[in-house]
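# Residue-level structural notes
Each chain is listed here by its residues.
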Amino acid sequence: MPKSLILAIIGCLVGGGLAAVQAPTNALLARPLNSPVNAAFMSFAGGTLVLLIAVLALRVRPDYQATLAAPWYAWMGGLYGAVFVVAAAYAIPRIGVASAMTLFVAGQLLLSVCIDHFGGFGVEARPVNLTRLAGLALVLGGVVLVRR
């Protein structure tokens, strides 16, 4: 297995695990801040600071010409992240971490299969097939079981 593939898999597992930790910590922060939106703001402020330090340390410079040529929706990642963090901070105290995270995973998979199928956002098209549909059904079944 190529090293880049191994690193991608490890990165996804670590990122997914940290998303599971991020959700309840943001929910915990929402209490004293009186709002899941305030908690999301503080979460993003902390993340922005960490990323600024990383950019400065790594001396990463953007290609400004390519930046100007990017489609408008390429700039929407922060919005999606904000919705995730606010939704998690709101949902966790009400339905629990496992239920919230399985619902997030279900939503991610449903939209991911659609994006793959149509080759959206510049990714290579990977058509829906019975195996993928069976996987989705199993995940959705898992959501129902975790909720019970």
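Note that the coordinates shown come from a computational prediction; the quantities given were computed from them, not determined experimentally.

### Section: the packing of aromatic side chains
Applying the stated criterion across every chain, the model contains 3 aromatic pairs. Look at tryptophan 72 and tyrosine 73: their rings are 5.6 Å apart centre to centre, the planes differ by 85 degrees, and that puts the pair in the edge-to-face class. For tyrosine 73, a relative accessible area of 36% puts it in the partly exposed group. The interplanar angle of 75 degrees and the centroid separation of 5.5 Å between the aromatic rings of tyrosine 73 and phenylalanine 121 together place this pair among those described as edge-to-face. Linking tyrosine 73 in the loop between helix 3 (64-69) and helix 4 (77-95) with phenylalanine 121 in the loop between helix 5 (97-118) and helix 6 (130-147), this pair joins segments that are 48 residues apart in sequence. By way of ring pairs, the aromatic residues Trp72, Tyr73 and Phe121 are connected into one cluster. In this arrangement the basic side chain of arginine 94 is found over the ring face of tyrosine 90, its NZ or CZ atom lying 3.7 Å from the centre.

### Digging into helix 4
The end-to-end C-alpha distance of helix 4, which contains 19 residues, comes to 26 Å, matching closely the 27 Å that a straight helix rising 1.5 Å per residue would cover. Regarding helix 4, the residues found buried are Phe84, Val85, Ala88, Ala89, Ala91 and Ile92. Summarising the contacts, the buried residues of helix 4 are in contact with helix 1 (3-33), helix 2 (36-58) and helix 5.

### Remarks on the confidence of the model for the protein chain
Residues of the protein chain with pLDDT of at least 70 account for 100%, and the chain-wide mean is 91. In the model of the protein chain, helix 6 stands out as the element of lowest mean pLDDT, 89, in contrast to helix 2, which has the highest, 95.

### Some remarks on the nonpolar core
Burial of nonpolar side chains together is a common tendency in soluble globular proteins. Ala19, Ala23, Ala27, Ala40, Phe84, Val85, Ala88, Ala91, Ile92, Ala100, Met101 and Phe104 together form the largest nonpolar core, which totals 12 residues. Those elements giving two or more residues to this core turn out to be helix 1, helix 4 and helix 5. Among the elements that take part in this core, helix 4 stands out by supplying 5 residues, more than any other. Those residues in contact with phenylalanine 84 that sit more than four places away from it in its chain are Ala19, Gln22, Met101 and Phe104.

### Remarks on the pattern of salt bridges
Opposite charge on two side chains lets them pair, provided their charged atoms get close. According to the stated counting rule, one finds 1 salt bridge in the structure shown. Here arginine 132 ties to aspartate 116 by a salt bridge, and the two come within 3.2 Å at their closest N and O atoms. Here arginine 132, found in helix 6, pairs with aspartate 116, found in helix 5; they are 16 residues apart in sequence, far enough to count as distant.

### Examining helix 2
The terminal C-alpha atoms of helix 2, which comprises 23 residues, lie 32 Å apart, in line with the 33 Å expected from a rise of 1.5 Å per residue. Within helix 2 the residues assigned to the buried category are Ala39, Ala40 and Ser43. Looking at the buried positions of helix 2, the neighbouring elements they touch are helix 1 and helix 4.

Calculation notes
- The numbers attached to residues start from 1 for each chain and follow its sequence in the written order.
- The predicted nature of this model means local features are confined to residues of pLDDT at least 70 and side-chain atom pairs, given and counted, to a pLDDT of 80 or more, with totals for whole chains, interfaces and linings taken over all residues.
- Based on all heavy atoms of the structure, the side-chain values leave hydrogens and waters out of the count.
- Two aromatic rings, drawn from Phe, Tyr or Trp (for Trp, its six-membered ring), form a pair once their centres lie within 6.5 Å of each other, and the interplanar angle then sorts them: stacked below 30 degrees, edge-to-face above 60, tilted otherwise.
- Accessible area is worked out with a 1.4 Å probe on protein chains only. A residue is then buried under 20% of its type maximum, exposed over 50%, and partly exposed in between.
- Numbered from the N terminus, helices here are DSSP runs of H or I no shorter than four residues, and strands are runs of E no shorter than two.
- For a Lys NZ or an Arg CZ to count as sitting over a ring, it must be within 6 Å of the ring centre and within 35 degrees of the ring normal.
- To estimate how far a helix should extend, the number of its residues minus one is multiplied by 1.5 Å.
- Working rule for contacts: check all heavy atoms of both residues, and any pair within 4.5 Å makes them a contact.
- Confidence per residue, as judged by the predictor, is encoded in pLDDT with a range of 0 to 100.
- By nonpolar core we mean a set of buried residues, namely Ala, Val, Leu, Ile, Met, Phe, Trp, Tyr and Cys, connected to one another through side-chain atoms within 4.5 Å.
- Here a salt bridge means any side-chain nitrogen of Lys or Arg lying within 4 Å of a carboxyl oxygen belonging to Asp or Glu.

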